[in-house]
Structures are given as C-alpha cells and as structure tokens.
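So you can see what is in the structure, the chains are spelled out below.
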Amino acid sequence: MTTSTPVSGPSIELRIGGMTCASCANRIERKLNKIDGVAATVNYATEKATVTVPDGYDPAQLLAEVENAGYSAALPTPEKPAPPGETGETDDPERVSLRHRLTGSVLLSVPVIAMAMIPTLQFTYWQWASLVLAAPVIVWAAWPFHRAAWANLRHATATMDTLISLGTLSAFLWSLYALFFGTAGTPGMKHPF
C-alpha cells in the first residue's frame, strides 16, 4: 500500500465541460490524482476542478489529462464587470441548446403519449404518426446522451449516459421492428386504455 504525501503548492481551478453525471466527475478526479504531485477534487455541480500542484507546474498538462479522459477543460477567464443596468445573467449556448431540446421533446412527446393512452385519439395509421413524432426526440433531443455514451465507449467506460442511450435506442429499435415486421403497424390497430 502506498501512502501519498500531502501536496503543497499553488491551487489551480479548471472549468470542466462534458460531464453529465457524478461518475464523470469521479473519473476525471481519478485521472488527475494519478499525476505525480497533484491533488484534485472535481465538483460535478459547479463543473469545476480544484487542483493543487507543485510549484512551477504547467497547467497545460492538467488540461491535456482531462481531454485525454474525454472531457473538455479550460482555465477560468476573468469575469468582466457587467455594464451598468445589466444583471450580467446571460444564457450560455449549452443552456440554450438544452432548453430547445427540452421544449421540442415535450411538444413532440405529449401527442405520442396521448395517442398511445387514449383509444379515441387512435386514428388509422396513428402508430406511424407516433413514429414520426418520436424519432426526433430519440435522435435529436437525446443527442447529448448518445454523444457522451460514444465518448465513454471509446474510453472503455460506462456512465449513466450509456444506460440512457442504450435504453432509449433499444426501445426505439424494438418499436421499429414491431412496426415494420410485427403487428404494431397494422392499419386500424388500437390499444385499450
């Protein structure tokens, strides 16, 4: 059993991108702590890593290690003071993208759920309309999960993203099979309530 010596030196804060669950934060923390002379803690909620390094340590090595793990990292940029009269709160592009994906998912999923649960809404070929409405949710709205699962697969790890991606894709592929090769695509087919 090896004992680690306490690290003394400057503390560097990194902004971490691409984390989607606590498992991601743990993985980055383990990778950084394997570097000689480095002690790191990663906070998933704030998307930041606090790293204590020896004097004269090059932060580029930390950034490279995080990127080798499949995530993005950057040194924080100094915040500019907000102009008078502005709150300083702006939506970053990632948050805007997630908001659009959520809105699109809700608008497309509600009719699918309603048609599947309420027999009076099940018109002829309703199941094909459900396919057209559900496909963008599985492909476009869930794209961040699929992208993260693929990145984790390339690094031989699995996270919650892997479960979500596999689960939704499996259900979607089974539904496609049932529609095209089973009886689910039969015109006039109805589900009871």
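First, a word on scope: everything that follows refers to the structure included in this document.

## Considering a nonpolar patch on the surface
Thinking step 1. Taken together, the side chains of Ile 113, Met 117, Ile 118, Leu 121 and Phe 193 define a hydrophobic patch exposed on the protein surface, amounting to about 540 Å² of accessible area.
Thinking step 2. Mapped onto the fold, Met 117 is located in helix H3 (residues 93–117).

## Section: the pattern of salt bridges
Thinking step 1. Per the stated rule, a full pass over the model turns up one salt bridge.
Thinking step 2. Here Glu 13 ties to Lys 48 by a salt bridge, and the two come within 3.9 Å at their closest N and O atoms. Here Lys 48 lies in strand E3 (residues 48–52) and Glu 13 lies in strand E1 (residues 11–17), a separation of 35 residues in the sequence.
Thinking step 3. With a relative accessible area of 33%, Lys 48 lands in the partly exposed category.

## Here we look at unusual backbone geometry
Thinking step 1. For Glu 47, which is not glycine, the phi torsion reads 55° and is therefore positive.
Thinking step 2. The topology assignment puts Glu 47 in the loop between strand E2 (39–43) and E3.
Thinking step 3. On the accessibility criterion, Glu 47 (32% relative accessible area) is partly exposed.
Thinking step 4. Positive phi values are uncommon outside glycine, yet Tyr 125 reaches one of about 70°.
Thinking step 5. Looking at Tyr 125, the relative accessible area reads 46%, which means it is partly exposed.

## Description of the layout of surface pockets
It is the rolling of a water-molecule-sized probe over the atoms that shows where space remains empty.
Thinking step 1. Taken as a whole, the largest pocket holds about 1,500 Å³ of empty space.
Thinking step 2. Taken together, 45 residues form the lining of the largest pocket, with Glu 47, Asp 92, Glu 94, Arg 95 and Leu 98 sitting closest to its centre.
Thinking step 3. Counting only elements with at least two residues in the lining of the largest pocket, the list comes to E1, strand E4 (72–74), H3, helix H4 (126–141), helix H5 (143–154) and helix H6 (160–181).
Thinking step 4. No other element matches H3, which puts seven residues into the lining of the largest pocket.
Thinking step 5. Class assignment of the residues belonging to the lining of the largest pocket gives a composition of 20 nonpolar, twelve polar and 13 charged.
Thinking step 6. In terms of lining, the second largest pocket is formed by 24 residues, of which the most central are Val 112, Ser 130, Ala 134, Ala 171 and Ser 175.
Thinking step 7. When contributions to the lining of the second largest pocket are tallied by element, the ones reaching two or more residues are H3, H4 and H6.
Thinking step 8. Looking at side-chain class alone, the lining of the second largest pocket contains 18 nonpolar, six polar and no charged residues.

## Let's talk about the nonpolar core
Thinking step 1. Of all hydrophobic cores here, the largest spans 23 residues; its most connected members are Leu 14, Ile 16, Leu 32, Val 51 and Leu 62.
Thinking step 2. Those elements that place two or more of their residues in this core are E1, helix H1 (22–33), E2, E3 and helix H2 (59–68).

## Description of the pairing of E1
Thinking step 1. Where E1 lies against E3, five bridges are found, and the strand directions are antiparallel. Residue pairing across strands places Leu 14 opposite Ala 49, the latter belonging to E3.

## Topic: the packing of aromatic side chains
Thinking step 1. If you walk through the whole model with that rule in mind, you get three aromatic pairs.
Thinking step 2. Summarising the aromatic geometry, the rings of Trp 128 and Phe 180 are spaced 5.1 Å apart at their centres and angled 75° between planes, so their arrangement reads as edge-to-face. Here Trp 128 is found in helix H4, whereas its partner Phe 180 is found in helix H6, with 52 residues between them in sequence.
Thinking step 3. Centroid distance Tyr 177 to Phe 181: 5.6 Å. Interplanar angle 40°. Geometry classified as tilted. Separated by four residues within a single helix, Tyr 177 and Phe 181 lie in helix H6, roughly one turn from each other.
Thinking step 4. Residue class for Phe 181 comes out exposed when judged on its relative accessible area of 66%.
Thinking step 5. Aromatic ring contacts, followed pair by pair, group Trp 174, Tyr 177 and Phe 181 into a single cluster.

Procedures and definitions
- Residues numbered from 1 in each chain as written.
- Predicted model: local features only at pLDDT ≥ 70, side-chain atom pairs only at ≥ 80, totals over all residues.
- Heavy atoms only, no water.
- Patch = residues over 30% accessible without salt bridge, like charges linked within 9 Å, V, L, I, M, F, W, Y side chains within 5 Å.
- Areas by Shrake-Rupley, 256 points an atom, 1.4 Å probe, with all protein chains shown as cover.
- Salt bridge = Lys/Arg side-chain N within 4 Å of Asp/Glu carboxyl O.
- Helix = DSSP H or I, 4+ residues; strand = E, 2+ residues; numbered from the N terminus.
- Buried < 20%, exposed > 50% of the residue type's maximum accessible area, 1.4 Å probe, protein only.
- 1 Å grid on protein atoms, 1.4 Å probe; cavity = no way out; pocket = protein on both sides within 12 Å on 5 of 7 lines; lining within 4 Å.
- Points joined across faces, edges and corners; volume = space filled by probe spheres on them.
- Nonpolar A, V, L, I, M, F, W, Y, C, P; charged D, E, K, R; others polar.
- Core = buried A, V, L, I, M, F, W, Y, C linked by side-chain atoms within 4.5 Å.
- Pairing = 2+ DSSP bridges.
- Phe/Tyr/Trp six-rings, centres within 6.5 Å; stacked < 30°, edge-to-face > 60°.

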